[in-house]
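What follows is the residue order along each chain.
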Protein chains: 2
Amino acid sequence: MKAVVHVGLKQGVLDPQGKAISDTLLRMGFDEVNGARIGKVIELDLEDIPADRAADRIKDMCEKLLANTVIEVYRYELLD
Amino acid sequence: MKAVVHVGLKQGVLDPQGKAISDTLLRMGFDEVNGARIGKVIELDLEDIPADRAADRIKDMCEKLLANTVIEVYRYELLD
């Protein structure tokens, strides 16, 4: 089974990488850009385990490794 | 308007960051993990412009800055 984990900065947390991207886009002439924020997507390839067990395990992975929950939020989807 | 751009490595391109994550998850006891691949999500905040014009502009941003099309693929969604 596959799982997709989205990790992004919490609202209000400064995003220097996003700022660099929006500044660069503006400098390149993309005047319609008001801002940009960057997040990560982690696609996990997992053994087939029951969905409720998988959800618990993925939550655990997020809390322990994939996200820094002080400054980041995460969400995940389970795919077949 | 908002746009969400997803950028990921092409299939077959080595993903050392994903490898590091899956190796670490395994070492932490998440034995159900077979692999991981990492991608980026860029949320763009844009001036309101017509959707077809926005699509052209975003494609241009991807080709010129947001994605390295030699090794990466991108896709985008326009939100209101």
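Note that this is a predicted model, so its numbers are computed, not measured. (Residues numbered from 1 in each chain as written. Chains lettered and ligands numbered in written order. Predicted model: local features only at pLDDT ≥ 70, side-chain atom pairs only at ≥ 80, totals over all residues. Heavy atoms only, no water.)

S.K.: Even after reading the chapter, I still don't get helix α2 (residues 51-66) of chain B, so can you show me in this structure?
M.R.: Helical geometry: 3.6 residues make up each α-helical turn, so side chains three or four residues apart lie on a common side. If you check α2 of chain B, its first and last C-alpha atoms are just 19 Å apart, much less than what 16 residues at 1.5 Å a residue would give, namely 22 Å. Of all the positions in α2 of chain B, only Ala54, Ala55, Arg57, Ile58, Met61, Cys62 and Leu66 of chain B are classed as buried. Projection of α2 of chain B onto a plane perpendicular to its axis shows the buried side chains occupying an angular sector of 170°, all on one side. Opposite the buried face of α2 of chain B, by more than 90 degrees, sit the exposed residues Asp52, Asp56 and Lys64 of chain B. Contacts from the buried residues of α2 of chain B go to α1 (16-27) and β2 (33-46) of chain A together with β1 (2-9), β2 (33-46) and β3 (72-79) of chain B. (Helix = DSSP H or I, 4+ residues; strand = E, 2+ residues; numbered from the N terminus. Expected span 1.5 Å × (residues − 1). Buried < 20%, exposed > 50% of the residue type's maximum accessible area, 1.4 Å probe, protein only. Arc of directions from axis to C-beta. Contact = heavy atoms within 4.5 Å.)

S.K.: Help me out: how do you make sense of the relation of the copies chain B and chain A in this one?
M.R.: Between the two copies of the chain lies a rotation about an axis combined with a shift along it. Of the transformation placing chain B onto chain A, the axial shift is 0.0 Å and the rotation is 180°, giving an RMSD of 0.0 Å. Such a combination of rotation and displacement between the chain copies is what one expects of a two-fold axis. The C-alpha atom lying nearest the rotation axis in chain B is that of Lys40 of chain B; the distance is 2.3 Å. A share of 100% of interface residues in chain B that are also interface residues in chain A marks the association as one of identical surfaces. (Least-squares fit on C-alpha atoms with pLDDT ≥ 70 in both.)

S.K.: Would you take a moment to explain the layout of surface pockets for this structure?
M.R.: Empty space left among the atoms is revealed by rolling a probe the size of a water molecule over them. Approximately 1000 Å³ is the volume found for the largest pocket. His6, Lys40 and Val41 of chain A together with His6 and Val41 of chain B are, among the 43 residues lining the largest pocket, the residues nearest its centre. Looking at the lining of the largest pocket, the elements with two or more residues in it are β1 (2-9), β2 and β3 (72-79) of chain A together with β1, β2 and β3 of chain B. Partitioning the lining of the largest pocket into residue classes produces 18 nonpolar, 10 polar and 15 charged. Put simply, the second largest pocket is a space of about 180 Å³. As for the second largest pocket, its lining consists of 13 residues, of which Gln17, Ile38, Gly39, Lys40 and Glu72 of chain B are closest to the centre. Class assignment of the residues belonging to the lining of the second largest pocket gives a composition of four nonpolar, five polar and four charged. (1 Å grid on protein atoms, 1.4 Å probe; cavity = no way out; pocket = protein on both sides within 12 Å on 5 of 7 lines; lining within 4 Å. Points joined across faces, edges and corners; volume = space filled by probe spheres on them. Nonpolar A, V, L, I, M, F, W, Y, C, P; charged D, E, K, R; others polar.)

S.K.: Even after reading the chapter, I still don't get the packing of helix α2 (residues 51-66) of chain A against helix α1 (residues 16-27) of chain B, so can you show me in this structure?
M.R.: In helix packing, the relevant descriptors are the interaxial angle and the interaxial distance, both defined with respect to the helix axes. Two numbers describe how α2 of chain A lies on α1 of chain B: the axes approach to 11 Å, and their chain directions differ by 110°. One way to sum up the angle between α2 of chain A and α1 of chain B is to call them roughly perpendicular. In this structure, the crossing between α2 of chain A and α1 of chain B has a hand that is right-handed. Every residue of α1 of chain B that contacts α2 of chain A at Met61, Leu65 and Leu66 of chain A is listed here: Ile21, Thr24 and Leu25 of chain B. (Axes fitted to C-alpha atoms, helices over the stretch in contact; angles between N-to-C directions. Parallel < 35°, antiparallel > 145°, perpendicular 65-115°, else oblique. Left-handed = near helix turned anticlockwise from the far one by under 90°.)

S.K.: Whenever I open this one, a negative patch on the surface confuses me. Can you help?
M.R.: Residues Glu47, Asp48 and Asp80 of chain A together with Asp31 of chain B make up a contiguous surface patch of negative charge. Relative to the assigned elements, Glu47 of chain A resides in the loop between β2 and α2. (Patch = residues over 30% accessible without salt bridge, like charges linked within 9 Å, V, L, I, M, F, W, Y side chains within 5 Å. Areas by Shrake-Rupley, 256 points an atom, 1.4 Å probe, with all protein chains shown as cover. Salt bridge = Lys/Arg side-chain N within 4 Å of Asp/Glu carboxyl O. Lys, Arg positive; Asp, Glu negative; His and termini not counted. Charge placed at Lys NZ, Arg CZ, Asp CG, Glu CD.)

S.K.: What exactly am I supposed to notice about the sheet that holds β2 of chain B here?
M.R.: Sheets are built from strands paired through backbone hydrogen bonds, the pairs being either parallel or antiparallel. With respect to topology, six strands assemble into an open sheet ordered β3(A)-β1(A)-β2(A)-β2(B)-β1(B)-β3(B), the strand pairing being antiparallel. The open sheet terminates on both sides in strands that have one partner only, identified here as β3 of chain A together with β3 of chain B. Taking each pair of neighbouring strands and ignoring which way they run, the sheet shows an average axis angle of 20°. Sheet topology places β1 of chain A next to β2 of chain A; seven bridges connect them, and they run antiparallel. The partner of Val5 of chain A across the bridge, within β2 of chain A, is Ile42 of chain A. Here α1 of chain A sits on the sheet and contacts β2 of chain A together with β2 of chain B; the angle it forms with β2 of chain A, its principal contact strand, is near 130°. (Pairing = 2+ DSSP bridges.)

S.K.: Honestly, the interface of chain B and chain A in this entry has me stumped. Any pointers?
M.R.: Note on interface size: it is often stated as the accessible area lost on association of the parts. Taken together, the contact pairs 30 residues of chain B with 30 residues of chain A. Across the chain B/chain A interface, buried area totals approximately 2700 Å², and carbon plus sulfur atoms make up 64% of it. Contact with chain A buries surface across chain B, with Phe30, Glu32 and Leu65 of chain B losing the most and accounting together for 21% of the total. Put simply, chain B and chain A have two salt bridges between them. The tally of links between chain B and chain A comes to 14 residue pairs in polar contact (both at pLDDT 80 or more). (Buried area = accessible area lost by both parts, 1.4 Å probe. Polar contact = N/O pair within 3.5 Å; in protein donor to acceptor, adjacent residues only side chain to side chain.)

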